[in-house]
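# Architecture at a glance
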Amino acid sequence: AQSVTQLDSHVSVSEGTPVLLRCNYSSSYSPSLFWYVQHPNKGLQLLLKYTSAATLVKGINGFEAEFKKSETSFHLTKPSAHMSDAAEYFCVVSEAGFQKLVFGTGTRLLVSP
Amino acid sequence: DGGITQSPKYLFRKEGQNVTLSCEQNLNHDAMYWYRQDPGQGLRLIYYSQIVNDFQKGDIAEGYSVSREKKESFPLTVTSAQKNPTAFYLCASSILATDNYGYTFGSGTRLTVV
């Protein structure tokens, strides 16, 4: 069965500094991987997705993630944090051909001025 | 604009009451899902449906019921058998295809027991 582990429950950065949110996955087959963002009391918005094409995936709002099969990782990065990036971020895995998504427990990103 | 509409945004339930959360989509998506979100626990799947008049239990279905009479609608009933219903409930939908394109989410309903 597939699973995903988000290694940090909270990450704090200063505005203008790089962001790194870490995610490791476990999957028996070729996985599809996603990052979603959730602002307080809102639904989840898709940031980016990996579905076996290019290993470096670019998403919205300047975020990107790199699929590393050898490390079973899919870390989310952004070169320069903005105050509006403060939110909760979810790493999500699904095995190829299966529609059920499995969510990580989330990482709360705090951005200070 | 296409999307998913959840209503109401806030809902209060008395002990022993059943309440129904609405979820409607106009994306022509085949599949619909209900998740429960509690602090520090991520999202947990309650029920999902891949086709009209068919649905499957997720990981935490006890105390909940659903129906899928129309492609656009997937209401969730929280019954009195659900002992700890206070949570944030999210509805989602997706296309069913060989590649997984991910889900589109509604903006959620916050249910509180009073």
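Quick summary incoming for the structure in this document. (Residues numbered from 1 in each chain as written. Chains lettered and ligands numbered in written order. Predicted model: local features only at pLDDT ≥ 70, side-chain atom pairs only at ≥ 80, totals over all residues. Heavy atoms only, no water.)

## A short note on the pairing of strand E5 (residues 43-51) of chain B
All names here are of chain B. The sheet contact formed by strand E4 (residues 31-37) and E5 spans six bridges and is antiparallel. The partner of Trp34 across the bridge, within E5, is Tyr47. Joining the antiparallel neighbours E4 and E5 is a turn of five residues, in which Gly40 adopts a positive phi near 75 degrees. Relative to strand E6 (residues 54-57), E5 runs antiparallel, the two being bridged by three bridges. Each residue of the ladder has a partner; that of Tyr48, found in E6, is Gln56. Linking E5 back to E6 in an antiparallel pair, the connection comprises two residues, with Asn53 at a positive phi of about 65 degrees. (Pairing = 2+ DSSP bridges. Helix = DSSP H or I, 4+ residues; strand = E, 2+ residues; numbered from the N terminus.)

## Examining the interface of chain A and chain B
With 21 residues of chain A in contact, the opposing surface of chain B contributes 27 residues. Summed over both partners, the interface of chain A with chain B comes to about 1,800 Å²; 49% of that surface belongs to carbon and sulfur atoms. Inspection of the region where chain A meets chain B yields zero salt bridges. Take the side of chain A that touches chain B: its biggest share by element is four residues, from strand E5 (residues 31-38) of chain A. Here the residues of the side of chain A that touches chain B are counted per class, giving eight nonpolar, 10 polar and three charged. (Contact = heavy atoms within 4.5 Å. Buried area = accessible area lost by both parts, 1.4 Å probe. Salt bridge = Lys/Arg side-chain N within 4 Å of Asp/Glu carboxyl O. Nonpolar A, V, L, I, M, F, W, Y, C, P; charged D, E, K, R; others polar.)

## Here we look at the sheet that holds strand E3 (residues 19-25) of chain B
Through backbone hydrogen bonds, the strands of a sheet pair up, either in parallel or in antiparallel fashion. All names here are of chain B. Strand order in the open sheet formed by four strands is E1-E3-E8-E7, and the pairing between neighbours is antiparallel. The outermost strands of the open sheet, each flanked by one partner alone, are strand E1 (4-7) and strand E7 (64-66). This sheet shows a mean twist of 20 degrees between the axes of neighbouring strands, independent of strand direction. (Axes fitted to C-alpha atoms, helices over the stretch in contact; angles between N-to-C directions.)

## So, the state of the cysteines
Residues and elements named next belong to chain A. Inspection of every chain in the model, using the stated rule, returns two disulfides over all chains. Through a disulfide, Cys23 is tied to Cys91; the S-S separation comes to 2.0 Å. With the S-S dihedral at roughly -70 degrees, the linkage between Cys23 and Cys91 falls on the left-handed side. Pair noted here: Cys23 is in strand E4 (residues 23-26) and Cys91 is in strand E10 (residues 87-95), with a separation of 68 residues, a long-range link. Overall, the relative accessible area of 0% leaves Cys23 in the buried class. (Disulfide = S-S within 2.5 Å. Buried < 20%, exposed > 50% of the residue type's maximum accessible area, 1.4 Å probe, protein only.)

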